Amino acid sequence: SNKKSVAKSKTEDGYVHVRGAREHNLKNVDLDIPRGQLVVFTGVSGSGKSSLAFGTLYAEAQRRYLESVSPYARRLFHQMPVPEVDEIEGLPPAVALQQQRGTPTARSSVGSVSTLSNSLRMLYSRAGDYPTGQELLYAESFSPNTPQGACPRCSGLGRIYDVTEHSMVPDDSLTIRERAIAAWPPAWHGQNLRDILVTLGYDVDTPWRELPKKDRDWILYTDESPTVPVYAGFTPKETKAALKRKETPSYQGTFTGVRRYVMQTFANTESASMKKRVARYMVSSACPECEGKRLRRESLSVTFAGHDIAEISRLPLARLAELLQPYAAGKDKDEDKRHLHNEQLIVRRRIAADLAARLEVLLALGLGYLALERSTPTLSPGELQRLRLATQVRSSLFGVVYVLDEPSSGLHPADTEALLDALAQLKAAGNSLFVVEHALDVIRQADWLVDVGPLAGERGGQVLYSGVPEGLRKIEQSQTRRYLFGEAPSPQRTPREPGGWLKLAGVHRNNLKDLEVAFPLGVLTSVTGVSGSGKSSLVSQVLVELVSQALGQGGAAQEEQPDEPDLERDEQLPLAGHIVSGMEGVRRLVRVDQKPIGRTPRSNLATYTGLFDQVRKLFAATKDAKKRRYDAGRFSFNVAKGRCEHCAGEGFVMVELLFLPSVYAPCPTCEGARYNAETLEVTYRGKNIAEVLGMTVGEAIEFFKDEGAVERSLEVLNEVGLDYLRLGQPATELSGGEAQRIKLASELQRATRGDALYVLDEPTTGLHPVDADRLMVQLNRLVDAGNTVIVVEHTMRVVAGSDWVIDVGPGAGDQGGSVVASGPPQDVARNKKSRTARYLAAQMN
Ligand code: ADP
Ligand code: ADP
Ligand code: ZN
Ligand code: ZN
């Protein structure tokens, strides 16, 4: 074997030594990187940065840690992935601050993730202002997630869910026969309920709004469930006659009131789609008992600085910090102290000081516009990562390595400076930082660079350079070098002229207040601004909602519906604004976001893009398949005929472990191939269907040469820089950036008729500058074909290459929400009020 050993004397030299790393695409990599420094891993997407930083270094640190904690449990941990590496020496324990791909639970919030809410509850419990005569409450009483704290009416949700006549009967000009009662079950069950009403003598042929209120109320709200004879297919008149004659009915039917049907189905059904269906007919409103504050009355009666704990949790963190300041400094006013014991005063000052210090870090990281109550699923991955980073900065660990994944994502260059300060603090406290990053302003601050490449997948996986940044200048093969040392000038173009304007007015959402804004049509626009200024609220929310509404595309354009019923959507988001003009230039809305292309391993790149349908047809057209009468369906792993039955076409099976979360293991029957043996006997150009799914896009391009439709789909995937992905790579293994580019590719392969509006939120996240440049080529191609592209962006290289810039701000939260500047890049770069101008100008000369 070629195993190389690290001399013992080297282990204490202040470096981490890696020998023979082969995780994923890594090519038996040897590497020495310093501890106690800011080490940045660079390279094109798919080159192997994460495989090195997370898959090897972090995974090994984690594995060692778990083994050391509990040698006894080692046997159980044999399922922990062991990275493919010969040897690592000098590796400190590691903490990963990775961007979350899954969705954290809805009940976690800024306050819980940062643990600030715990301290705040302690503050209220021990040193709050209680109404006279009320006993002190325990800290748990200030949490809506405990029985002691939760409002009994809404169980701590703050909202109650119910139906209204309008939600159940959206169009009251219809008759019951015309399905006025939209909330009723579809198909047979709905007809059955209607026939029962006929037997009961209700009028099902008069428009709903003309029925007597008494009848409408009974049908909607009754809790009675009479069982009556049903004469299927009879008219009301015939039914009446049949009842009179006591004719034998078709069957006996039982009635359920509409409200009861909706509420019971929602509470009891096991079917996600049923639940989602009925949820559409429910509306939520603030709980009248707690006014949406989620807590019991007595908990809300305790105040601090005049606010109950729910109110204080809704303040922006910057405001909360101001409010705590006098208490932390012991400068609180005398009347504030009057009814507290000395001991309470001491506690109050201690907790306030601790909170203030921790808030300071969050403010420094540019998160002062968030509130404690903000739920984490509404945060961007970058915001969440910075939140967790801030929490670490205050926990006084040292001698640890922090492994971070693109911490600058979602950050305006102005915010990135604050991020670098926080990283410097962690380093100063004696920690090491291993950071995977694409932003040049972060890469420039590195003490040490590890450049991986030269290309992606099989053609990457080597360390091209490891050393101080300046040394990279000499590395010919490095793509990063060209961008870092200014050898790849920004694409300078003469901005295109707008072909029209999409004007919005009266825009209200989050921090946008009665905003007026005009988006140019037929060009590429970048929307910029510091994080929290309102870019996403404007573009990804309001613009998308208004345009899809105008087009009748119904809210979630081009998006798969989430599996969970989305109760929050009702009522809570009021009128967002209106479109003044310009819709004649928009015939279609396409939102290309970073949400997963599927939530199960059953979807993958090939199924999502439609490529797999073509491939299956090719297999079905082979001589062998025809002889066996295998159709295209036979080659699907989602259909019983051809797939491996042991794993139902998943390729792996779940192994239950006592005391530990279950793990997945390759299916013992098909060994991960997903198909049964007979299906695999059929080959096309010498490969079976499983082998084709195992190919990368790059390999498949060679393999499918001259196969028109397949080749074209593959070419577009290649053009957006995804040549390294395997065709069968499950949706669940793809990063947000990869998912976004797959969506873009499937859009690009459709014939573009023009007049489409493409909306992208931070499309360059996860992209090396060289990949970002390629993406720009694709976006420009869309514009050249007569479409409009609007991106939310922080990368000045992209902004400088756009036709138009809309800068939102000037600051975050309450200090933002306005359009600061709007114009071609060179104009915005000169705008004195814009915080983006300075960075844009630097890019443009
Ligand atoms: P980078 O971080 O530079 O974008 P990665 O380390 O994520 O690159 O990926 C390097 C290569 O390893 C790519 O070809 C990628 O498709 C592959 N890869 C990544 N994750 C996995 C995985 N879980 N299983 C198999 N291959 C993977
Ligand atoms: P940007 O996209 O520029 O980073 P956002 O549009 O996400 O800014 O946020 C603008 C403001 O609206 C911020 O103060 C943010 O905290 C607030 N905000 C955004 N989304 C929500 C939400 N779901 N609930 C409450 N406030 C929100
Ligand atoms: Zn309540
Ligand atoms: Zn199997």
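Fair warning: this is a prediction, and the values are worked out from it, not measured in the lab.

Bringing the overall build of the protein chain into the picture now. Helix and strand counts for the protein chain come out as 31 helices and 26 strands. In terms of C-alpha radius of gyration, the protein chain reaches 31 Å, essentially the compact-globule figure of 28 Å for 845 residues. Taken over the C-alpha atoms alone, the protein chain extends approximately 100 × 95 × 70 Å along its principal axes. Relative to its full complement of 845 residues, the protein chain shows a buried share of 44%. In the protein chain, of all internal contacts separated by at least 6 residues, the share reaching a separation of at least 24 is 71%.

Right, let's talk about the site of ligand 1 for a bit. Of all residues adjacent to ligand 1, which total 15 residues, the nearest are H24, K49, S50, S51 and G457. Counting residues domain by domain, the shell around ligand 1 receives three or more from each of domain 1 (8-101 + 380-484) and domain 5 (605-733).

What follows deals with unusual backbone geometry. With an omega of 0 degrees, the peptide bond running from G453 to P454 counts as cis. Take P454: it is sitting in the loop between strand 14 (448-453) and strand 15 (462-467). Cis geometry marks the peptide bond from G809 to P810, where omega comes out at 5 degrees. Position of P810 relative to the elements: it lies in the loop between strand 25 (804-809) and strand 26 (818-823). A positive phi angle, near 75 degrees, is found at R294, a position not held by glycine. Note that R294 resides in the loop between strand 9 (283-286) and helix 10 (297-300). For R294, a count of 25 C-beta atoms within 10 Å translates into the label buried. The phi angle at R674 is positive, at roughly 80 degrees, despite the residue not being glycine. Assignment of secondary structure puts R674 in the loop between strand 22 (660-666) and helix 23 (677-681).

The next subject is helix 12 (residues 317-328). Taking 1.5 Å per residue, 12 residues should reach 16 Å; helix 12 reaches 15 Å between its end C-alpha atoms and fits that length. In this fold, the buried residues of helix 12 make contact with helix 11 (309-314) and helix 14 (342-364). Directly after helix 12, the chain includes G330, whose backbone phi takes a positive value near 70 degrees.

Taken in spatial order, the six strands make up an open sheet running 20-23-24-18-25-26, and their pairing is mixed. Two strands lie at the open edges of the sheet, namely strand 20 (588-591) and strand 26, each paired on one side alone. Each adjacent strand pair in this sheet contributes to an overall mean axis angle of 15 degrees, direction not counted. Strand direction decides the pairing type here: strand 23 (residues 756-761) and strand 24 (residues 788-792), joined by five bridges, are parallel. Along strand 24, the bridge assignment pairs D761 with V792.

We now examine the sheet that holds strand 2 (residues 29-34). Pairing is antiparallel across the open sheet formed by three strands, whose spatial order is 2-1-4. Pairing within the sheet leaves two strands with one partner each, and these edge strands are strand 2 and strand 4 (85-89). Ignoring strand direction, the axes of neighbouring strands in this sheet form an average angle of 5 degrees. Pairing of strand 1 (residues 15-21) with strand 4, which is carried by four bridges, proceeds in the antiparallel orientation. Bridge pairing links H17 to E89 in strand 4.

A few words now on the packing of helix 14 against helix 15 (residues 381-394). The interhelical angle for the contact between helix 14 and helix 15, taken along N-to-C directions, is 135 degrees, at an axis separation of 9 Å. It follows from the interaxial angle that helix 14 and helix 15 lie oblique. Helix 15 is crossed by helix 14, and the crossing has right-handed handedness. Mapping the contact onto sequence places R358, V361 and L362 in helix 14 and A390, V393 and R394 in helix 15. Each residue belonging to the contact of helix 14 with helix 15 can be placed in one class, and the counts come to four nonpolar, no polar and two charged.

Turning next to the packing of helix 8 (residues 258-268) against helix 9 (residues 272-279). Two elements in contact, helix 8 and helix 9, have axes separated by 9 Å at closest approach and are oriented at 140 degrees. Where helix 8 crosses over helix 9, the handedness of that crossing is left-handed. Between helix 8, through V262, T265 and F266, and helix 9, the contact on the second element is made entirely by M274, K275, V278 and A279.

Summarising the element assignment, N688 is placed in the loop between helix 23 and helix 24 (689-693). Taking the C-alpha atoms as reference, N688 lies 49 Å from M282; in sequence the two are 406 residues apart. Ignoring any residue separated from it by four or fewer positions in sequence, one finds N688 in contact with L680, V682 and T683.

On to the domain arrangement of the protein chain, then. Under the domain assignment used here, the protein chain contains domain 1 (8-101 + 380-484), domain 2 (110-157 + 296-364), domain 3 (164-281), domain 4 (500-596 + 753-844) and domain 5 (605-733). Each of domain 3 and domain 4 has a C-alpha centre, and the two are 45 Å apart.

The pLDDT averaged across the protein chain works out to 88; a share of 90% of its residues lies at or above 70. Residue range residues 1-9 is modelled with pLDDT below 50. Its contacts to residues more than four positions away, or to other chains, number 11 contacts.

So, on to the environment of N845. Here N845 lies in the segment after helix 31 (837-844). Spatially, the C-alpha atom of N845 lies 9.3 Å from that of P489, the residues being 356 residues apart in sequence.

Reading the values: the criteria
Residues numbered from 1 in each chain as written. Chains lettered and ligands numbered in written order. Predicted model: local features only at pLDDT ≥ 70, side-chain atom pairs only at ≥ 80, totals over all residues. Helix = DSSP H or I, 4+ residues; strand = E, 2+ residues; numbered from the N terminus. Rg over C-alpha atoms; globule rule 2.2 N^0.38 Å. Buried ≥ 20, exposed ≤ 12 C-beta atoms within 10 Å, placed from the backbone. Contact = placed C-beta atoms within 7 Å. Near = placed C-beta within 6 Å. Domains from an automatic or database assignment. Expected span 1.5 Å × (residues − 1). Pairing = 2+ DSSP bridges. Axes fitted to C-alpha atoms, helices over the stretch in contact; angles between N-to-C directions. Parallel < 35°, antiparallel > 145°, perpendicular 65-115°, else oblique. Left-handed = near helix turned anticlockwise from the far one by under 90°. Nonpolar A, V, L, I, M, F, W, Y, C, P; charged D, E, K, R; others polar. pLDDT = per-residue confidence, 0-100.

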